[in-house]
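# Breakdown of the fold
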Amino acid sequence: MAEGSIHKICTCRDPDGKKLGPRCPQLRRAGGAWNSHHGKWGYQLELPRRIDGSRRSPLRRHTFDSRDDAAKDRSQAIALLALAGDDTALATEIADLLQQVKAGAPMPDRDTIAKRVNAGLPASVDMTVGTYLRQWLESRRNIEPSTKRHYGCHIRVHLIPHLGDIPLVKLRVEHISAMFTAITDRNAAIEIARHNEDPQIRATVRGIRTTSPATMQRIRATLRKALNDAMARTNNRLIDFNPAKHVELPSAKQPKPRVWTDKAVARWRETGEKPSPVMVWTPDQAGVFLDYAQDHDIALYPVFVGIMHRGMRRGEALGLRDTTVDLDGALVTVDLQRTTVGYEAVDKKVKSESGNCTFALDSFTAAAWRAYLARRARWQLVSGSKWPDTGWFFVQPNGDKWHPDTVSKRFDSLVRDAGLPPVRLHDLRHCAATYLKASGADLTDVKELLGHSTITITSNTYTSVIVELEVERDKAEAAAALVPRRLRPRAA
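Computed from a prediction, not measured in an experiment: that's the story for all the values here.

## A few points about the pattern of salt bridges
Applying the stated criterion across every chain yields a total of 21 salt bridges. As a salt-bridge pair, D335 and R321 come within 2.7 Å of each other at their nearest N and O atoms. With a gap of 14 residues between them, D335 in the loop between β7 (331-334) and β8 (336-341) and R321 in the loop between α12 (314-318) and β6 (325-326) connect regions that are remote in the sequence. Taking the relative accessible area as the measure of exposure, D335 reaches 22% and is therefore partly exposed. By relative accessible area, R321 is classed as buried at 14%. Here R416 makes a salt bridge to D417, at a shortest N to O gap of 3.9 Å. Under the relative-accessibility criterion, R416 is labelled exposed at 56%.

Below you can see the structure in the form of structure tokens.
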């Protein structure tokens, strides 16, 4: 590759008006040394031919105060051209880029252009956040399908609409903060429309969900992970700073369970309002549900019994196999879960080591499951050779595995038809934990049963809800009765 030439020129003109350029006699002093007070240093560098094979004008830059400055700028241009190697198309792109640099402007950073080229982008185009996020999502291979789906949703719905056009290297904390401000403003607009007196305005937001603080935290986590990967050397270190790490968001506190007390039920029947997104039945209400399920959905009744009494997640209950249920020893091992990606049912390992556990069955659940196995044997006898040998413990009457969404929908229908205050299927897990703690178990027992990673999660979730149960009021009465009083409290 030609190294070009370095020289000094000025803008002086001869009597005919022509520029003297390097011929100006004032460029040198009387002794032949360069005159530091006249002219500018510059260089000329031959550039690769155009894509059609035609020659292009040399790169000429003459805005430097010293020869060293001109040499440094020329070296940067040569280093940029060297990125192309034997790739003539890339050499043409870089030559075009060099010719677009304005006089006096700095040369493009060689490492930045190299990152673009290595990422498969044109040399003259900055990679945008949107382009990078799409490529990053496509490159994710060894992650759970559900995780990739959540990443894709965050990227499609929030990150690209708000940040997609910003060059990746120019993404700043302020951009990300502005995105979350816009999401918060959108939430407020939805709530205002929902409570508008005009039914047409209310209709404009029907079915539209607000973005919760917890979801905002997950959106930021997706962006933070993507930008961390952009900083990795294995990804050519596209950026050197991750602004997502420095964005402050409101705390995404998990709602604490509340008990459906008589007063709460009365208010719900009057207004339809729930005291909390997470509700727990009283033991009496739980008994009404199990009785109703036993009478109206005997196929799923044993599943609900297991979740209610042993606090399993829906996926963990549906992921039990014959080899992991020991009714003789009254032991159950949870190591798989049957869940969904979109609507597709998938079977996978439990999400953490704390969730991979073995626990004891109570006699009531064991009896219900023994009755279920006898019923399942009759189903198999009726199906004959058509019965699929899945090895799964809980199956439909035809032997097929349950779809998790079907189980949840059947549960919701039973709750509604039984006239009970609403809880989610997952809330039966909260019921189990609450009853276990109220019966005298300590928080460590509850933590182990539920598979929580730390006892802090257990304590924060269940400590307050226990006091709403009748048994806790009985304890409070007994404690108060131990204090001797000379006079009885007067009525108000």
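Having seen the model, we can carry on.
## Some words on the packing of aromatic side chains
Tallying each qualifying case throughout the model produces 15 aromatic pairs. Judged by centre distance (5.4 Å) and plane angle (50°), the rings of W369 and F393 are tilted. Here W369, found in helix α13 (residues 363-383), pairs with F393, found in the loop between α13 and α14 (404-417); they are 24 residues apart in sequence, far enough to count as distant. According to the relative accessible area criterion, W369 is buried, its value standing at 0%. By relative accessible area, F393 is classed as buried at 2%. Note on Y372 and F393: the rings are 5.6 Å apart at their centroids and 55° apart in plane angle, and the pair reads as tilted. With a gap of 21 residues between them, Y372 in helix α13 and F393 in the loop between α13 and α14 connect regions that are remote in the sequence.

## Focus: unusual backbone geometry
The phi torsion of most residues other than glycine is negative, and most of the peptide bonds are trans. Even without being a glycine, A330 presents a positive backbone phi close to 55°. Along the chain, A330 falls in the loop between β6 and β7. Judged by relative accessible area, which is 22%, A330 ranks as partly exposed.

## A short note on the confidence of the model for the chain
Within the chain, residue pLDDT values average 85, and 85% of them lie at 70 or more. Per-element confidence in the chain ranges from a low mean pLDDT of 49 for helix α17 (residues 455-462) to a high of 96 for α14.

## Remarks on the pairing of β8
The buried fraction of β8 is high, at six of six residues. The side-chain alternation of β8 yields two buried faces, one formed by L336, R338 and T340 and the other by Q337, T339 and V341. Once β8 ends, the chain turns through two residues before running back antiparallel as strand β9 (residues 344-349), passing G342 with a positive phi of about 70°.

## A few points about the side chain of H158
You can see H158 is positioned in helix α5 (residues 145-163). Judged by relative accessible area, which is 12%, H158 ranks as buried.

## Notes on the packing of α5 against helix α6 (residues 173-194)
The interhelical angle for the contact between α5 and α6, taken along N-to-C directions, is 125°, at an axis separation of 10 Å. As judged from the angle between their axes, α5 and α6 are oblique. The way α5 lies across α6 gives a crossing that is right-handed. Residues H158, L159, H162 and L163 of α5 pack against H175, I176, M179, A182 and I183 of α6. Here the contact of α5 with α6 is built from residues that sort into six nonpolar, three polar and no charged.

## Quick notes on the sheet that holds strand β1 (residues 5-9)
If you walk across this open sheet you meet the three strands as β1-β2-β3, and the pairing is antiparallel. Strand pairing shows two members of the sheet lacking a second neighbour, β1 and β3 (59-64), which therefore form its edges. On average, adjacent strands in this sheet sit at an angle of 25° to one another, irrespective of strand direction. As paired elements, strand β2 (residues 40-45) and β3 share four bridges and run antiparallel to each other. Paired with Q44 across the bridge in β3 is R60. The strands that helix α1 (residues 67-82) touches are β1, β2 and β3; relative to β2, the one it contacts most, it runs at about 25°.

## Here we look at the nonpolar core
Where a protein is soluble and globular, its nonpolar side chains tend to be buried together. W281, F289, F304, M308, L320, W369 and F411 are the most contacted members of the largest nonpolar core, which totals 54 residues. It is helix α11 (residues 301-310) that provides the largest number of residues to this core, a total of six residues. Residues F180, M216, L223 and L227 belong to the second largest nonpolar core, which totals 30 residues.

What counts, and at which threshold
- Along each chain, numbering runs from 1 in the same order as the chain's sequence is written.
- For a predicted model such as this one, the threshold for reporting local features is a pLDDT of at least 70, and the threshold for listing and counting side-chain atom pairs is 80 or more; totals across whole chains, interfaces and linings nevertheless cover every residue.
- The side-chain numbers reported here are obtained from all heavy atoms of the structure, hydrogens and water having been left aside.
- In what follows, salt bridge is the name for a side-chain nitrogen of Lys or Arg lying within 4 Å of a carboxyl oxygen of Asp or Glu.
- What counts as a helix is a DSSP run of H or I of at least four residues, what counts as a strand is a run of E of at least two, and both are numbered from the N terminus.
- Remark: exposure states derive from per-residue accessible area (1.4 Å probe, protein chains only) relative to the maximum for the residue type, with buried under 20%, exposed over 50%, and partly exposed in between.
- Two rings from Phe, Tyr or Trp (for Trp, the six-membered ring) form a pair when their centres sit within 6.5 Å of each other. Planes less than 30 degrees apart are called stacked, planes more than 60 degrees apart edge-to-face, and all others tilted.
- The predictor attaches a confidence to each residue, and that confidence, scored 0 to 100, is pLDDT.
- Pairing between strands is defined by DSSP: at least two bridges between them are needed.
- Fitted lines through C-alpha atoms serve as axes, helices being fitted only where they are in contact, and the angles separating the N-to-C directions of these axes extend from 0 to 180 degrees.
- Small angles under 35 degrees read as roughly parallel and large ones over 145 as roughly antiparallel, with 65 to 115 read as roughly perpendicular and the rest as oblique.
- In this scheme the handedness of a crossing depends on how the near helix is turned from the far one: anticlockwise by less than a right angle means left-handed, clockwise means right-handed.
- Should any heavy atoms of two residues lie within 4.5 Å, those residues are counted as being in contact.
- Residue type decides the class: Asp, Glu, Lys and Arg count as charged, Ala, Val, Leu, Ile, Met, Phe, Trp, Tyr, Cys and Pro as nonpolar, and the leftover types, Gly among them, as polar.
- Residues enter a nonpolar core if they are buried and are Ala, Val, Leu, Ile, Met, Phe, Trp, Tyr or Cys, with the set joined through side-chain atoms within 4.5 Å.

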